[in-house]
Every structure is written in structure tokens, then in C-alpha cells.
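The residues making up each chain are set out below.
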Amino acid sequence: FRVAEKLARKTGKILIHAFDDPAVIAGQGTVGLELVDQMPELDAIVCSVGGGGLLAGISVVMKELRPNTKIYGAQATGAHAMLLSLKKGYPVTMDRVETFADGLAVGATRKTTFDILKGSVDRMLEADDEMIAAAVLTLAEKAKVVSEGAAAVSVAVLDQIKKELKGKKVAIIV
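Below you will find a few notes about this structure.

Thresholds applied
- Residues numbered from 1 in each chain as written.
- Predicted model: local features only at pLDDT ≥ 70, side-chain atom pairs only at ≥ 80, totals over all residues.
- Heavy atoms only, no water.
- Helix = DSSP H or I, 4+ residues; strand = E, 2+ residues; numbered from the N terminus.
- Polar contact = N/O pair within 3.5 Å; in protein donor to acceptor, adjacent residues only side chain to side chain.
- Contact = heavy atoms within 4.5 Å.
- Pairing = 2+ DSSP bridges.
- Axes fitted to C-alpha atoms, helices over the stretch in contact; angles between N-to-C directions.

## Some words on the side chain of Thr-69
Working step 1: Position of Thr-69 relative to the elements: it lies in the loop between α4 (53-65) and β2 (70-76).
Working step 2: For Thr-69, the side chain forms a polar contact with the main-chain oxygen of Leu-42, separated by 3.0 Å.
Working step 3: With sequence-adjacent residues up to four places away left out, Thr-69 is seen in contact with Leu-42, Asp-43, Ala-44, Ile-45, Met-62, Lys-63 and Asp-122.

## Quick notes on the sheet that holds strand β1 (residues 44-48)
Working step 1: If you trace the four strands from one edge of the open sheet to the other, you get β3-β2-β1-β4, paired in parallel fashion. Both edges of this open sheet fall to β3 (123-127) and β4 (170-173), since each of them pairs with a single strand only. Going from strand to strand, the sheet's axes swing by 20° on average, the running direction of each strand aside.
Working step 2: Across five bridges, the pairing between β1 and β2 is parallel. Following the sheet pairing, Ser-48 is matched in β2 by Ala-74.
Working step 3: In this fold α4 packs onto β1, β2 and β4, with an angle of close to 175° to the strand it touches most, β2.
Working step 4: The sheet strands contacting helix α9 (residues 158-165) are β1, β2, β3 and β4, and the helix crosses β3 at an angle near 140°.

Structure, rendered in C-alpha cells:
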């Protein structure tokens, strides 16, 4: 924020980060509030992750209001900086990012989202581009939903957790 403040003073312009800004994260947390309102007995949420702002906002709300709800993050194999960061215990930057899910093509984990997600995500999963493309097709054919690759990653990882989600009330963010 200090860099943004300096830039604002110099140029008169303000930078609002797309996913690593507390106000943006709070705004994205309203998705969590809608889920609590619409599905009070929700057991799990699966959400795609690029920089992590959407999942951070949702997970803050859910861990406060529904702490037993499991939170699953889903990343593309070619852009899994958050997954690597959570495994290593600190934010990492990938040397290369390459994925069909270009809306998630974030190669660096930022501190704000990392700090939130390290304490709230129950599990991170990843899907390769072939799985993501298949999920886009499945959404179109079965649900009549047109989705970009980034949004379909949450569907692409479902096979990995279907046994633990069987019989549960699950929200899949597309």
C-alpha cells in the first residue's frame, strides 16, 4: 500500500490491485455472504484461484460464519503459485506461467491473499489444461453454462474429491 500511496501522491492516480487489495477482497467476500444466505447448511466450497482474492474473501466470511464448511481452492497446473506457496509456507513466484485458463495465469503469490488463505483453505487442488478444457465442455453440454477456462477449474478438480464430497452440500464457484 505504501507504493500505491506514493504513486497516488506523485501522479494523482490510485492503484487498486485486482486481487490483493483488502477492499477488493472484502467485496468478493459478499459471495460468501450470499452462500450463507442461500445454503445455510453448506458443507464445502470449491473455487478457482488465480491470485486468490475471490477465495480469500469467501473463506474469511465462511470461516467466521460457517467454520465447519470445507474450503477447496482449484488452480491450473501451469499457474499454481498459490498451491506452491501454501506447500512451502511462504509466497513464491513462478519462473513461467502457461495455462489454457488465462484468467488464472498469475505467477506470483501476494502477501495479503497468502496470509488469508494459509489459515483458511482446507485443501488446494490442481487441474491440467486437458482437464480444464473438458470441464468447459461439460459445463456447456450438461449445465448449458458458457464458461471460460479460469472459471471451469473448480469443476475440473471435482473428480479428485468426489468421494469426500459424496452426499454433501457443495457450492462450486464458476
